[in-house]
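Spelled out from the first residue to the last, the chains are:
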Amino acid sequence: QVQLVESGGGLVQAGGSLRLSCAAAGRTFSSYAMGWVRQAPGKEREFVAGISWSGGNTNYADSVKGRFTISRDNAKNTVYLQMNSLKREDTAVYYCAARRTLSASTVTYDYDYWGQGTQVTVSS
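Values in this document were obtained by computation on a predicted structure and should not be read as measured data. (Residues numbered from 1 in each chain as written. Predicted model: local features only at pLDDT ≥ 70, side-chain atom pairs only at ≥ 80, totals over all residues. Heavy atoms only, no water.)

## Considering the side chain of arginine 38
Here comes step 1: Here arginine 38 shows up in strand β4 (residues 33–39).
Here comes step 2: Separated by 3.4 Å, the side chains of arginine 38 and serine 63 make a polar contact.
Here comes step 3: Excluding residues that lie within four positions of it along the chain, arginine 38 makes contacts with Glu44, Arg45, Glu46, Val48, Ser63, Val64, Phe68, Glu89, Asp90, Ala92, Val93 and Tyr94. (Helix = DSSP H or I, 4+ residues; strand = E, 2+ residues; numbered from the N terminus. Polar contact = N/O pair within 3.5 Å; in protein donor to acceptor, adjacent residues only side chain to side chain. Contact = heavy atoms within 4.5 Å.)

Spelled out as structure tokens, the structure:
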């Protein structure tokens, strides 16, 4: 089992940047694929980005490709989401998620463990 704690959310103007972090507690962090999922008010959870256990493979939602970058540091048990050129439609609660496999998934229900979420608000 792994516990996940997100940080780095906040209020930013459109066009700005934020970096989210997700710290994982557990000795087997490198055994998990990781992902970021977001949920805007009144909408379902939406896959944002995923990364394999080694960091060698990543995938992104079309809406964030070229703007967001997911990465991980297995020595620090941490996964990151660098968000650039933020838009108002990126406003959401962002959740870190872990999957008990080596490969990430674009399907939110494939993830087994979830953090509490961190709010990202983009103003115009």
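Here the narrative resumes.
## Looking at the pairing of strand β11 (residues 118–123)
Here comes step 1: Burial along β11 is one-sided: the face carrying Thr118, Val120 and Val122 is buried and the face carrying Gln119, Thr121 and Ser123 is not.
Here comes step 2: Bridging between strand β2 (residues 10–13) and β11 involves 4 bridges; their strand directions are parallel. Residue pairing in the sheet places valine 12 in a bridge with valine 122 of β11.
Here comes step 3: Looking at chain direction, strand β9 (residues 92–99) and β11 are connected through 3 bridges and run antiparallel. Bridging across to β11, alanine 92 finds its partner in valine 120. (Buried < 20%, exposed > 50% of the residue type's maximum accessible area, 1.4 Å probe, protein only. Pairing = 2+ DSSP bridges.)

## Structural notes on the state of the cysteines
Here comes step 1: For the structure shown, the criterion picks out 1 disulfide.
Here comes step 2: Each sulfur of the disulfide joining cysteine 22 and cysteine 96 lies 2.1 Å from the other. Disulfide cysteine 22-cysteine 96: the torsion about the S-S bond is -80 degrees, which places it as left-handed. Here cysteine 22 is found in strand β3 (residues 18–25), whereas its partner cysteine 96 is found in strand β9, with 74 residues between them in sequence. For the pair shown, cysteine 22 and cysteine 96 are each scored as buried. (Disulfide = S-S within 2.5 Å.)

## Section: the sheet that holds strand β1 (residues 3–7)
The strands making up a sheet associate through backbone hydrogen bonding, with each pair oriented either parallel or antiparallel.
Here comes step 1: Strand order in the open sheet made by the 4 strands is β1-β3-β8-β7, with antiparallel pairing throughout. Looking at which strands have only one partner, the edges of the open sheet turn out to be β1 and β7 (68–73). Sheet twist, expressed as the average angle between the axes of neighbouring strands with direction ignored, equals 15 degrees. (Axes fitted to C-alpha atoms, helices over the stretch in contact; angles between N-to-C directions.)

## Description of the nonpolar core
Here comes step 1: With 36 residues, the main nonpolar core has Leu4, Met34, Trp36, Val79, Leu81, Met83 and Tyr94 as its most contacted residues.
Here comes step 2: Every element with two or more residues in this core is listed here: β3, β4, β5 (46–51), β7, β8 (78–83), β9 and β11.
Here comes step 3: Here the element with the most residues in this core is β9; it accounts for 5 residues.
Here comes step 4: Leaving out residues up to four positions away in the same chain, valine 79 has contacts with Leu20, Ser21, Cys22, Phe29, Met34, Trp36, Ile51, Ile70, Ser71, Arg72 and Cys96. (Core = buried A, V, L, I, M, F, W, Y, C linked by side-chain atoms within 4.5 Å.)

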